[in-house]
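The chain contents come next:
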Amino acid sequence: MELIEPIYIAIPFFVAFIIAEMVYARTTGKARFEPRDSAASLAMGLGNTVAGVVFAGITGTWLTFIEQFALFDFGYVWWAWIAAFVLDDFTYYWSHRWAHTVRWFWADHVVHHSSQHYNLTTALRQPWFTVFTFKFMWLGSWLVLLGFPPVIIAFVGSLNLIYQFWIHTEAITRMPRWFEAVMNTPSHHRVHHATNPIYLDRNYAGVFIIWDKMFGTFQPELDEERCRYGIVKNLGTWNPLRISLHEWWGIARDVAGSKSPKDALGYIFAPPGWSPDGSRMTSKRIKEMWEAERGSASADAGAETPRRVPAE
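In this text, all values refer to a predicted model and were calculated from it rather than measured experimentally. (Residues numbered from 1 in each chain as written. Predicted model: local features only at pLDDT ≥ 70, side-chain atom pairs only at ≥ 80, totals over all residues. Heavy atoms only, no water.)

## Notes on the overall build of the chain
Along the chain, the regular secondary structure elements total 13 helices and 0 strands. Looking at the chain as a whole, 44% of its 312 residues are labelled buried. Expressed as a percentage of contacts within the chain between residues at least 6 apart in sequence, the contacts between residues at least 24 apart total 73%. Accessible surface, the chain as shown: approximately 17,100 Å² in total, 66% of it carbon and sulfur. The positive charge centre, built from 27 side chains, and the negative charge centre, built from 28, are 6 Å apart in the chain. (Helix = DSSP H or I, 4+ residues; strand = E, 2+ residues; numbered from the N terminus. Buried < 20%, exposed > 50% of the residue type's maximum accessible area, 1.4 Å probe, protein only. Contact = heavy atoms within 4.5 Å. Areas by Shrake-Rupley, 256 points an atom, 1.4 Å probe, with all protein chains shown as cover. Lys, Arg positive; Asp, Glu negative; His and termini not counted. Charge placed at Lys NZ, Arg CZ, Asp CG, Glu CD.)

Here it is, written out as structure tokens:
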């Protein structure tokens, strides 16, 4: 069974909505664009599309190969599509979480977070060399081994990415409360893209925000804490090649200068920002320091507050 790739169908709609958001930003000021940043994001999106075509055979061949070892054969019954969509999103949650906590995967995913702006073009800022992380060997593989056809897995994976397009915007503040409770929304995903300590490494969901609520990584957007976008150490460039390769180059440089195999492995598989001597800053360390400073500030404020003397 063959299906048309949904993302290719969605591309004209992506373009139409980006133009609409630009017009909205120009007329209301409620969304922000930087022309060079948006151009870089669009270039990354184009490169990602080309890479998808070039490397599609690798992923397809792998999934077709492991299909012969499947425990069951669910076929193409209607419920298999729904179950696969939900389970694929569950898989996406963990894949996305590891992409923030394992530097090897972060080297690929950091591309998507490298913009300091948050609009629909940011959704298209995607990496070019995902295939070389070998995520295709486990992302979706367990669903095929369980019994879902590779065609279904590829299809629902594309639907997941299409859904995530619209949540990359500041033009929408909040969705209805019932929707915010279950689904990923622009508000939830703005948190994920923010570098504020309170927002770091939160809201990994693709479609259903319930995964974050189940596994303790949910953080609502706070009106008093406006999101600051980008990465902890911003690149300062709109060069697509540098955007695509900078973290891979960083890994290579660190591994080449490591003093032991253990350190080399740490530079590859430890969290981003890890170093043998602890001189660099991981997200966890940044959050710990922020919590300590906030606690200290609260204690100081309490100490400065005069105690009321009860009337005699």
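## With respect to the packing of aromatic side chains
Describing an aromatic ring pair means giving the distance of the ring centres and the angle of the ring planes. Scanning all chains against the criterion turns up 25 aromatic pairs. With a centroid separation of 6.1 Å and an interplanar angle of 50 degrees, the aromatic rings of Phe90 and Phe215 are classed as tilted. Of this pair, Phe90 sits in helix H3 (residues 78-101) while Phe215 sits in helix H10 (residues 210-215), and the two are 125 residues apart along the sequence. Relative accessible area serves as the criterion here: at 25%, Phe90 is assigned to the partly exposed category. You can call Phe215 partly exposed: its relative accessible area is 30%. With a centroid separation of 6.2 Å and an interplanar angle of 35 degrees, the aromatic rings of Phe129 and Phe132 are classed as tilted. Members of the aromatic cluster, connected to one another through ring pairs, are Phe90, Tyr93, Trp94, Trp98, Tyr204, Trp211 and Phe215. Above the face of the Phe218 ring, Lys213 is positioned so that its terminal group lies 5.0 Å from the ring centre. (Phe/Tyr/Trp six-rings, centres within 6.5 Å; stacked < 30°, edge-to-face > 60°. Lys NZ or Arg CZ within 6 Å of the ring centre and 35° of its normal.)

## Topic: the environment of Ala25
Relative to the helices and strands, Ala25 is located in helix H1 (residues 6-28). With 259 residues separating them along the chain, Ala25 and Lys284 place their C-alpha atoms 35 Å apart. Not counting the four nearest positions on each side in its chain, Ala25 is found in contact with Lys30, Ala31 and Phe33.

## What about a nonpolar patch on the surface?
Residues Tyr8, Ile11, Val15, Ile19, Val23 and Val53 make up a contiguous nonpolar surface patch of roughly 520 Å² in combined accessible area. Looking at which element gives the most residues to the nonpolar patch, the answer is H1, with 5 residues. Position of Ile19 among the secondary structure elements: in helix H1. (Patch = residues over 30% accessible without salt bridge, like charges linked within 9 Å, V, L, I, M, F, W, Y side chains within 5 Å. Salt bridge = Lys/Arg side-chain N within 4 Å of Asp/Glu carboxyl O.)

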